Amino acid sequence: MRRHPFARSLVLALFVTASSAFAATYPVRAQLRLAPKDRQQCLSLPEGPDCSVVELARSAFAAAAARMFVTSGSPDLILVLEVRQAEVSRIVGVQLDLATRVTVESPGGDVIDVIDSSAAAPVLVAERGPLLGAARAAAADAALDFERSYASSSKIGDYLVGKKVAPASAVAVRERSDKLVTVAVGLGFVQGSGDSSASIAPSVRVAWSYGWFFAQGTYTHYAAVFDAVAANGDLFGNTSLDVNDFGIEAGFVWRLPHNFEVRAAPGLHVLAGTADAGDIGAPSFTEAAPVVYGSITNSFIPFHGSPRIVAGVEARGYFFTAVALPEVGRKLPIANSAFALTLGLEFPWSAQKEGTSQ
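Residues numbered from 1 in each chain as written. Predicted model: local features only at pLDDT ≥ 70, side-chain atom pairs only at ≥ 80, totals over all residues. Heavy atoms only, no water.

A few points about the sheet that holds strand β12 (residues 284-300)
Sheet strands associate in pairs through backbone hydrogen bonding, adopting either a parallel or an antiparallel arrangement.
Move 1: Reading around the barrel, the 8 strands line up as β7-β8-β9-β10-β11-β12-β13-β16 and close back on themselves, with antiparallel pairing between neighbours. Averaged over all pairs of adjacent strands, the angle between their axes in this sheet comes to 25°, without regard to strand direction. (Pairing = 2+ DSSP bridges. Helix = DSSP H or I, 4+ residues; strand = E, 2+ residues; numbered from the N terminus. Axes fitted to C-alpha atoms, helices over the stretch in contact; angles between N-to-C directions.)

A look at the sheet that holds strand β5 (residues 95-105)
Move 1: The strand order across the open sheet built from 4 strands is β1-β4-β5-β6, with neighbouring strands paired in mixed fashion. The sheet terminates laterally at β1 (30-34) and β6 (111-122), the two strands that pair on one side only. Direction aside, neighbouring strands of the sheet carry axes that sit 25° apart on average.
Move 2: Across 11 bridges, the pairing between β5 and β6 is antiparallel. Note on β6: the bridge partner recorded for Glu105 is Val111.
Move 3: Across the face of the sheet, helix α2 (residues 52-68) comes into contact with β1, β4 (77-89) and β5 while running at roughly 135° to β4. (Contact = heavy atoms within 4.5 Å.)

Points about helix α4 (residues 154-162)
An α-helical segment advances 3.6 residues per turn. Residues three or four places apart therefore align on the same side.
Move 1: All of the buried residues along α4 are Ser154, Ile156, Gly157, Tyr159 and Leu160.
Move 2: Against the buried residues of α4 lie β4, β5, β6, α3 (128-151) and α5 (168-171).
Move 3: Trailing α4 by a residue or two, Lys164 shows a phi angle of about 60°, which is positive. (Buried < 20%, exposed > 50% of the residue type's maximum accessible area, 1.4 Å probe, protein only.)

Concerning a nonpolar patch on the surface
Move 1: Nonpolar side chains collect at one region of the surface, where Trp212, Phe252, Trp254, Leu256, Phe260, Ile296, Val313 and Leu341 lie side by side and expose about 760 Å² of accessible area between them.
Move 2: Residue placement: Ile296 occurs in strand β12. (Patch = residues over 30% accessible without salt bridge, like charges linked within 9 Å, V, L, I, M, F, W, Y side chains within 5 Å. Areas by Shrake-Rupley, 256 points an atom, 1.4 Å probe, with all protein chains shown as cover. Salt bridge = Lys/Arg side-chain N within 4 Å of Asp/Glu carboxyl O.)

A closer look at the packing of aromatic side chains
Move 1: By the definition in use, this model includes 15 aromatic pairs.
Move 2: Pairing Phe252 with Trp254 gives two aromatic rings, centres 6.1 Å apart and planes at 40°, and the pair type is tilted.
Move 3: Taking relative accessible area as the criterion, Phe252 reaches 45% and is therefore assigned partly exposed.
Move 4: You can call Trp254 partly exposed: its relative accessible area is 45%.
Move 5: A centroid spacing of 6.4 Å and a plane angle of 50° characterise the contact between Phe319 and Phe320, whose relative ring orientation is tilted.
Move 6: For Phe319, a relative accessible area of 39% gives the class partly exposed.
Move 7: An aromatic cluster of three or more residues is present, and its members are Trp208, Tyr210, Trp212, Phe213, Phe252, Trp254 and Trp349. (Phe/Tyr/Trp six-rings, centres within 6.5 Å; stacked < 30°, edge-to-face > 60°.)

Some words on the state of the cysteines
Move 1: The final tally for this structure, using the stated rule, is 1 disulfide.
Move 2: The disulfide bridge from Cys42 ends at Cys51, spanning 1.8 Å between sulfur atoms. Across the disulfide from Cys42 to Cys51, rotation about the S-S bond amounts to roughly 90°, and the bridge is consequently right-handed.
Move 3: Cys42 sits in the buried class, given a relative accessible area of 16%. (Disulfide = S-S within 2.5 Å.)

Below, the structure is given as structure tokens:
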């Protein structure tokens, strides 16, 4: 299955950085093979097809296999690599799209699982040299995508445990618990603060969930500008509004297939800060505001035995946030709505069973 572009853009940098230092090592012998030529997709160039993209993919996946498995001796698993797509697209700029499939087989040829991976790399000039450079980069990303997907494959884990290739603790995939603690950071914007159309707003949150219920505490900081009015009626522009947003939210969790999750909740936020208008004054304020919150996230295991990574988007609406500040001659809105991309880690706070996580 092709990975969603949003999830890729959010976690790829983290995964590439961490993979070399923390890549999983499985006590499993595996051998990488190429699928037959008639199942390989070559790169289409004006001067004709170029099948060197297949070799670039093989090199990238061979490096991934060397990180993940023991590659000598009689194999426990056969990894059959197929390049399913290699083409130039112009949807967003010019890029090379690469899609691969690894069929994981037993030594006897039985199919255990099929793992599809995909990646894209920008191309400055649609010529052979730059295209092959982009293909090399996309192949490396697709191989990392394969590593991440392999870590979540319960079919492979169950097969290896059943065949007594390795103990469950080394290869099985743990079920996703319904008792979780999530620690995440976010980056987005707040709309409707002061006279700014939008303000950049970094945030942190800690969430606790049990079954269908969750609760979380959040902190967000942002700054905006506004026009102050002096007592004599003079207008002072671009004065600064500095806001600290402390929130508590509690509500419902809906778990969807493939570890997607929707959360919705009411909450209460305390907005505290200062409205600094220089010589006119810098009054501070504290305002409690009800909110409604919603998010959609996806969690996955990047490395065997690691905590899950959670990536998602969230939105929040604020009510009754206008604060009267006579020192600056205004009644200022502090926030109307907020949107953010989030990335965090998910930890179970109860024992987990070994088994499927899909």
